[in-house]
Amino acid sequence: ALKDRELDLRGNKISAIENLAACQNQFDSIDLSDNEIRKLECMAVLPRLKMLLLAHNRISRLAERLSEAFPGLETLVLTDNSFAQLSELSPLAGLPSLTSLSLVDNPVTKQQGYRHYVIARLPKLRVLDFKRVTTSERAAAAAAFGHVAAEAATGDSGDADGAAAAAGPTPEQIAQIK
C-alpha cells in the first residue's frame, strides 16, 4: 500500500533481530529478507507492524511469545528458511491477527499433514504458501488436528479433551469454518 511505512533491511548480513525498539513502532512493514537470522524473536513491542518479511534467512526457531512483540501482524513471509518439524511452527498459533503466511521452500512443507496442521493452528489464516485456504481444507484440518487448535486456543497441552476433539469438530469449530 502506498501509505504504508516500510523499513528495508534486506541483504545486510544481519544475524539477529535486535534494537527494533529504536524504530519506535513507526513502521507497518519490515523487510529482513536475505540475511543470516537464525531465530525469530523480538524484545520490542511493535503493535503497528502488519507485515514482516524474513525470506531467505536461516530461521529454524520461533520465540514462544511472538504475539507480545507483534500483536497486529497480518502477513509473515518465512520462505526459504530452515524449519524442519511441525512442532517448530507452534509459536505461530500465538499470532491472533495472522491471515497470510508463507513457508515455501522450508523442509517442513514436505511433512505429511503440514498444510492441515498450520491451518488448524491459525484459525484466521486465509492464505498459506500463496494459496487460498479453502473451506474444505479448514474442515479437514479441524478433523485431523482439531485437538491441536484447541490446545493453541486454550494454551492447554493436556489430553483431557483429546477424546472429544478426536470425535470430530465441535459446533463452535463448524461455525468458524462456515
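Residues numbered from 1 in each chain as written. Predicted model: local features only at pLDDT ≥ 70, side-chain atom pairs only at ≥ 80, totals over all residues. Heavy atoms only, no water.

Scanning the protein chain from terminus to terminus reveals five helices and nine strands. Listed by position from the N terminus, the elements making up the protein chain come as β-β-β-β-β-α-β-β-α-β-β-α-α-α. Counting only residues that meet the buried cut, the protein chain has 40% of its 178 residues in that class. When the accessible surface of the protein chain is summed, it comes to about 9800 Å², and 50% of that surface belongs to carbon and sulfur atoms. (Helix = DSSP H or I, 4+ residues; strand = E, 2+ residues; numbered from the N terminus. Buried < 20%, exposed > 50% of the residue type's maximum accessible area, 1.4 Å probe, protein only. Areas by Shrake-Rupley, 256 points an atom, 1.4 Å probe, with all protein chains shown as cover.)

With that settled, consider unusual backbone geometry. At Lys13, a position not held by glycine, the phi torsion is positive, near 60°. By the element assignment, Lys13 lies in the loop between strand E1 (6-8) and strand E2 (29-31). In this model, Asp80 sits at a positive phi of 55°, which is unusual for a non-glycine residue. Here Asp80 lies in the loop between strand E6 (75-77) and strand E7 (100-102). Under the relative-accessibility criterion, Asp80 is labelled partly exposed at 31%.

To continue, consider the pattern of salt bridges. It is possible for side chains bearing opposite charge to pair when their charged atoms get close. Applying the stated criterion across every chain yields a total of six salt bridges. Between Arg48 and Asp28 there is a salt bridge; the shortest N-O distance is 2.9 Å. Note that Arg48 is positioned in the loop between strand E3 (39-40) and strand E4 (51-53) and Asp28 in the loop between E1 and E2, a separation of 20 residues in sequence. A salt bridge links Glu41 to Lys39, with the shortest nitrogen-to-oxygen separation between them at 3.8 Å. (Salt bridge = Lys/Arg side-chain N within 4 Å of Asp/Glu carboxyl O.)

So, about helix H2 (residues 114-121). Counting buried positions over the eight residues of H2 gives seven, a clear majority of the element. Buried within H2 are the following residues: Tyr114, Arg115, Tyr117, Val118, Ile119, Ala120 and Arg121.

The next point concerns the confidence of the model for the protein chain. Mean pLDDT for the protein chain: 85, with 80% of residues reaching 70 or above. When the elements of the protein chain are averaged for pLDDT, helix H4 (residues 162-166) gives the smallest value, 39, and E7 the largest, 98. Counting interchain partners and residues more than four positions distant, the pLDDT-below-50 stretch residues 153-167 has five contacts. (pLDDT = per-residue confidence, 0-100. Contact = heavy atoms within 4.5 Å.)

Time to look at the sheet that holds E4. Taken together, seven strands build an open sheet; the order of strands is E1-E2-E4-E6-E7-E8-E9 and the sheet is mixed. Here the strands that pair on one side only, and so sit at the sheet edges, are E1 and strand E9 (131-132). Summarising the sheet, E1 and E2 pair through three bridges and their orientation is parallel. Within the sheet, the bridge partner assigned to Leu7 lies in E2 and is Ile30. (Pairing = 2+ DSSP bridges.)

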